[in-house]
Every structure is written in structure tokens, then in C-alpha cells.
Amino acid sequence: MGLTAEIIMREMDALAAKDERVGEELARIGYPAPRLRDRGYKTLLRTIVGQQVSVAAATSMWNKLEAELGEDFTPSCLLKRDFDTLRACGLSRQKQGYARSLCELVDAGELDFHKLPADDEEAIEELTQIKGVGRWSAEIYLLFAEGRTDIWPAGDLAVQEGVKRLLDMEERPKEKETRDLGERWSPHRGAMAIFTWHYYANPAL
């Protein structure tokens, strides 16, 4: 499970104590809501299903997949289906390749979502061995499903835009600069990432 409301409050209070601007904005717009996902391969599989499509389309595909495989399906259930069956659920050839890569690794015992390395970079490296899963997807999983407190998805456009507004920058920082700027908020970068999304989306700003 990801960062709970209590953890986010604790982490944001720590950030506010050492960063005056964060403290000012936190007082103005309040604490962000938690973003919680279940630990396990299904959360990452759902991310793969939802890549480059609308939320509605992703939900429709996932519902069809569960109807075909069963709500409590295992990786082997998906691996036993042929191309046309999965295509009928809305999965393109590319998505099927990514989904099979994930399920094959889990089914073979080469990837255990309940025993990922404690080191964040090592965990990211392990997750990105899955075809179609880049650093951003791995970071989002570790933040939302495992609640790792120092994850900083610097490649996320909303994080970049939130940092730009928070620091009064003229241009949105690129991924490398966003990663470097985030060092000031370590070891609380997970909550800070959630706060940047909250800050970016806040209608009062």
C-alpha cells in the first residue's frame, strides 16, 4: 500500500519545517490526498493496459480482461490465452507483448513483487526488466503500491510543472534538472511528488 494520509501529513510537516516556500503553500492549499494501489503484478499490469489510452478505454479493457480471465486471475491464466482472445479484450500486439513479459517473469519466479530490493534504485532496475516498463512506471508503482518515501518521478510532466510553479521558474525543468532540484526535498520526495501533483491541479492557483 502507498503513502497513507497520516504518512503524507508527517512527511509534509517535515518538509515545511525545512523549506519555507513549501510551508507557505502547504498552509495555503492543504495536504494532498493519498494515492494508494495494491502491491502486486496486477497493479503494474493495469498500468500497461492503460498506457497511451484514455481512462475510460483503459477501464473498459481491464473489465473485459477480468471477464475473460476471472477476477482473481493469475499470470498463467493470461499466458494461456492466444493473441485473438486478448485482442478481443482490447490489447494491441504491443500491449500483449508487455503483458506477457510481466506475467512470464512472475510465473517463472524471476520477479516477486513482495520481495523487491529495499534499495530504490535496485527495485527500479528489477521492475524495468519488464518490457514496456520504464523508469516512470517503476517509480509510480513503488510510490503508490509500496509507499516508498523518497521516490521522485522526475520524468512526470505534472511534477515538472509543479516544481516550476513552486520555485517560480520561467520554464518547466527537464527530467535531469527536476531530479537535481528534488535533492533538496530528500528523504521526503515521495510526499513532495504527491504535493506537486496537488499543487499543479489546484484550481485556486
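Participant: How should I be thinking about the overall build of the protein in this particular structure?
Facilitator: If you tally the helices and strands in the protein, you get twelve helices and zero strands. Traced from its N-terminal end to its C-terminal end, the protein shows the element sequence α-α-α-α-α-α-α-α-α-α-α-α. Relative to a compact globule of 205 residues, whose C-alpha radius of gyration would be 17 Å, the protein shows 18 Å and is just as compact. With the principal axes as the frame, the protein shows a C-alpha extent of 55 × 35 × 30 Å. Burial statistics for the protein: of 205 residues in total, 44% are counted as buried. Nonlocal contacts in the protein, meaning residues at least 24 apart in sequence, comprise 64% of its contacts between residues at least 6 apart. Roughly 10,400 Å² of accessible area belongs to the protein as shown, and the carbon and sulfur atoms make up 48% of that amount.

Participant: How do you make sense of the pattern of salt bridges when you look at a structure like this?
Facilitator: Opposite charge on two side chains makes pairing possible when the charged atoms of those side chains draw close. Evaluation of the coordinates by the stated rule reveals 17 salt bridges. Among the ionic pairs, Glu-121 bridges to Arg-135, the shortest N-O distance being 2.6 Å. One end of the pair, Glu-121, is in helix α8 (residues 120-127); the other, Arg-135, is in helix α9 (residues 135-144), and 14 residues separate them in sequence. Note on Glu-121: relative accessible area 43%, which makes it partly exposed. The class for Arg-135 is partly exposed, based on a relative accessible area of 28%. Note that Glu-146 and Arg-148 form a salt bridge whose closest N and O atoms lie 2.8 Å from each other. Look at Glu-146 and you get buried, because its relative accessible area is 14%. Exposure remark for Arg-148: the relative accessible area of 11% places this residue in the buried category.

Participant: Is there a simple way to explain unusual backbone geometry in this structure?
Facilitator: Most peptide bonds are trans, and most residues other than glycine sit at a negative phi. The omega torsion of the bond from Ser-186 to Pro-187 falls at 10°, within 30 degrees of zero and hence cis. For Pro-187, the position within the fold is in the loop between α11 (175-181) and α12 (189-201). Of note in the backbone geometry, Gln-52 takes a positive phi value of approximately 60° without being a glycine. Residue classification places Gln-52 among the exposed positions, given a relative accessible area of 80%. At Asp-168, a position not held by glycine, the phi torsion is positive, near 55°. Looking at the element boundaries, Asp-168 is found in the loop between α10 (157-166) and α11. Here Asp-168 falls in the exposed class, since its relative accessible area comes to 57%.

Thresholds applied
Residues numbered from 1 in each chain as written. Predicted model: local features only at pLDDT ≥ 70, side-chain atom pairs only at ≥ 80, totals over all residues. Heavy atoms only, no water. Helix = DSSP H or I, 4+ residues; strand = E, 2+ residues; numbered from the N terminus. Rg over C-alpha atoms; globule rule 2.2 N^0.38 Å. Buried < 20%, exposed > 50% of the residue type's maximum accessible area, 1.4 Å probe, protein only. Contact = heavy atoms within 4.5 Å. Areas by Shrake-Rupley, 256 points an atom, 1.4 Å probe, with all protein chains shown as cover. Salt bridge = Lys/Arg side-chain N within 4 Å of Asp/Glu carboxyl O.

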